[in-house]
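Reading the structure
Read off the chains here:
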Amino acid sequence: MGKFRPSAEQLGGGLGDQFTLVAGAGQFGLAERIPLIQGDGASLSLLAGSLEGVQSPTQTVSDLFYADLQLQAGACYRLSAEHIERAFYMVSGEVEVVGQPGRFGADRLVVLRPDSEVVLRAVGPTRLLLLGGEPLEGRRHIYWNFVSSRPERILQAAEDWRARRFPDVPGDDEFIPLPADSQVRWRFKA
């Protein structure tokens, strides 16, 4: 394992219904303790959760993983079926899923089939984000950066954001307002 080099990704993980009223909390200053696993042209930083027997220091309340994977040209990475739901987001470069037709390039989110090992092969220098975990129970609703199983919680979160009741991120003094349609207008289906 080596040293993790932080970058600008942000991920909000899903919470089960038993945690829907838990206050959100950012975790800062963990970069020095993020596991970095290197070998065979691959470099994986485990940002959150557990993967392949390695545990990140980032606290989570569900069984998940989130990793930054960099591959040299021709390098492969085997992603086990350890977690039911798995996906990868292509940051740069191109990968193939061994045994499947086609390639995936930058700005693509690829959702993988459950219960099967997947081998990713880099066509050239490649960077991608691996993420996944166990399925959440029930339906989720999404508005901007807010996700909940309860529509009224999203409405409250939007109001709290407008009123600036969320804690600031250390070292970041920029406030990003809700999108232009900041009056949350949509209907939820049961």
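Residues numbered from 1 in each chain as written. Predicted model: local features only at pLDDT ≥ 70, side-chain atom pairs only at ≥ 80, totals over all residues. Heavy atoms only, no water.

Regarding the packing of aromatic side chains
The test is simple: Working definition: rings of Phe, Tyr and Trp (its six-membered ring) pair if their centres are within 6.5 Å, and the pair is stacked with planes under 30 degrees apart, edge-to-face with planes over 60 apart, and tilted otherwise.
Scanning all chains against the criterion turns up seven aromatic pairs. Of the aromatic side chains, those joined through ring pairs into one cluster are W144, F146, W161, F166 and F175.

Examining the environment of T58
Convention followed: Secondary structure elements follow DSSP: runs of H or I no shorter than four residues count as helices, runs of E no shorter than two count as strands, and numbering proceeds from the N terminus. Here a polar contact means two N or O atoms within 3.5 Å. Within protein one must be a hydrogen donor candidate and the other an acceptor candidate, and residues neighboring in sequence count only if both atoms are side-chain atoms.
Mapped onto the elements, T58 comes out in the loop between β3 (54-55) and β4 (64-71). Taking C-alpha positions, T58 is 9.1 Å from R33, a pair spaced 25 residues apart along the chain. There is a polar contact of 2.6 Å between the side chain of T58 and the backbone oxygen of L47.

Details of the sheet that holds strand β10 (residues 118-122)
Rules: Should DSSP find at least two bridges between two strands, the strands are taken to pair. Angles run from 0 to 180 degrees between N-to-C directions of axes, and those axes are lines fitted to C-alpha atoms, restricted for helices to the stretch in contact.
Here we have four strands laid out as an open sheet, ordered β5-β10-β7-β8, and antiparallel in their pairing. Edge positions in the sheet fall to β5 (76-79) and β8 (103-105), since each has one partner strand and no second. This sheet shows a mean twist of 30 degrees between the axes of neighbouring strands, independent of strand direction. Two elements, strand β7 (residues 94-97) and β8, share three bridges in a ladder whose sense is antiparallel. The residue bridging E94 from the neighbouring strand is G105, located in β8.

Concerning the pattern of salt bridges
To be explicit about the condition: Criterion for a salt bridge: a side-chain nitrogen of Lys or Arg within 4 Å of a carboxyl oxygen of Asp or Glu. Partly exposed residues are those whose accessible area sits between 20% and 50% of the maximum for their type, while under 20% is buried and over 50% is exposed, using a 1.4 Å probe and protein chains only.
Summed over all chains, the structure comprises 10 salt bridges. Between R78 and E52 there is a salt bridge whose closest N-O contact spans 3.5 Å. Of this pair, R78 sits in strand β5 while E52 sits in the loop between β2 (42-51) and β3, and the two are 26 residues apart along the sequence. Residue E52 is classed as partly exposed on the basis of its relative accessible area, which comes to 33%. The residue D68 makes a salt bridge to R127 at a minimum N-O spacing of 2.6 Å. Of the two residues, D68 sits in strand β4 while R127 sits in strand β11 (residues 126-133), which places them 59 residues apart along the sequence. Residue classification places D68 among the buried positions, given a relative accessible area of 3%.

Topic: the side chain of S56
To keep things clear, this is the line we draw: Any two residues having at least one pair of non-hydrogen atoms within 4.5 Å are treated as being in contact.
Inspection of the secondary structure assignment puts S56 in the loop between β3 and β4. At a separation of 3.2 Å, a polar atom in the side chain of S56 contacts the main-chain amide nitrogen of T58. Apart from residues no more than four positions distant in its own chain, S56 is found in contact with I34, P35, L46, L47, A48 and G49.

A closer look at a negative patch on the surface
Heads up, the condition is: Patches here are clusters of residues that have more than 30% relative accessible area and form no salt bridge, with a 9 Å joining cutoff for like charges and a 5 Å cutoff for nonpolar side chains (Val, Leu, Ile, Met, Phe, Trp, Tyr). What sets the accessible areas is the Shrake-Rupley method with a 1.4 Å probe; for residues, cover comes only from the shown protein chains. Think of it this way: Lys and Arg go in the positive column, Asp and Glu in the negative one, and His and the chain ends go nowhere. Charge placement uses NZ in Lys and CZ in Arg. For Asp and Glu, CG and CD serve respectively.
Together, D168, D172, D173 and E174 make up a negatively charged patch on the protein surface. The topology assignment puts E174 in the segment after α1 (151-162). For E174, a relative accessible area of 57% corresponds to the exposed category.

Remarks on the nonpolar core
Filter applied, for reference: Put simply, buried Ala, Val, Leu, Ile, Met, Phe, Trp, Tyr and Cys residues joined by side-chain atoms within 4.5 Å make one nonpolar core.
By size, the foremost hydrophobic cluster in this structure holds 24 residues, and its most contacted members are L44, L69, L71, Y77, F88, L128 and L130. Counting only elements with at least two residues in this core, the list comes to β2, β4, β5, β6 (85-92), β7, β9 (109-112), β10 and β11. For L44, the contacting residues outside a window of four places in its chain are P35, L36, I37, L51, A67, D68, L69, Y77 and L130.

A few points about the pairing of β4
In terms of residue burial, β4 counts as a mostly covered element, since seven of its eight residues are buried. Pairing analysis gives seven bridges linking β2 to β4, with the strands arranged antiparallel. The residue bridging A42 from the neighbouring strand is L71, located in β4. Strand direction decides the pairing type here: β4 and β11, joined by eight bridges, are antiparallel. In the sheet register, Y66 faces β11, and the bridge partner there is L131.

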